[in-house]
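Coordinates in review
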Amino acid sequence: IEISGNRGAADFSGVTVNAPVNEGVLISGSASTDLDGVIVNGGRYGLRMTQSASGNVEVTNAIFDSQTQDGLVLSKDMKLEFGGAVSNAAGSGVRIVSGSTGDWEFNGLTLTDNGVGLATAGAVQVLCTDCTFSNNGDDVSITGSSMVTALEGIVDGNAIDVTGSGIFQRARRL
């Protein structure tokens, strides 16, 4: 599935993409799209956005499994809501690249059996609410100056790797 240019508007529901050559979903231009229940099995990436991506994309109930690189690659600051599960990615379940400077929010995301659950090399704010991290090489890896907040949810405090000037913090609702 490629969403590219001129405010590409579409709603996808219940689509399964098996063994794509590169990504199951590519956002390479302006978009106004809802993806519900999209499943991507295999490929290099589950969903990847290019530097030309813009607009609003809402992804709910997604399942990305067994990507050879990363499940979700965020390289452009745009409005993205993402919920679902990413598992068995050789790289990261979610990768935020160094050129990203915006804020990202995930709600109810499950990251299981990935090389890294969530990796950020940028200077971003990440809020992960009610997310579940399990059996990843590292649950969170921060190599840039990002701040990652895990609000509720499940994350292993011993599986956090911060090598940059970033910050990881746990938070609870009052």
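This report concerns the structure included in the present document. Small disclaimer: the values here were computed from a predicted structure and weren't measured. (Residues numbered from 1 in each chain as written. Predicted model: local features only at pLDDT ≥ 70, side-chain atom pairs only at ≥ 80, totals over all residues. Heavy atoms only, no water.)

1. Some points on the state of the cysteines
- For the structure on display, the rule yields one disulfide.
- Here C128 is linked by a disulfide to C131, with a sulfur-sulfur distance of 2.3 Å. Taking the sign of the torsion about the S-S bond as the criterion, the disulfide between C128 and C131, at about -100 degrees, is left-handed.
- Assessed through its relative accessible area of 2%, C128 is described here as buried.
- Under the relative-accessibility criterion, C131 is labelled buried at 2%. (Disulfide = S-S within 2.5 Å. Buried < 20%, exposed > 50% of the residue type's maximum accessible area, 1.4 Å probe, protein only.)

2. Digging into the environment of S4
- Inspection of the secondary structure puts S4 in the loop between β1 (2–3) and β2 (8–13).
- S4 gets classed as partly exposed once you look at its relative accessible area, which sits at 44%.
- The spatial distance from the C-alpha of S4 to the C-alpha of V140 is 31 Å, given a sequence separation of 136 residues.
- Once residues within four sequence positions are removed from consideration, S4 is found in contact with S28, G29 and S30. (Helix = DSSP H or I, 4+ residues; strand = E, 2+ residues; numbered from the N terminus. Contact = heavy atoms within 4.5 Å.)

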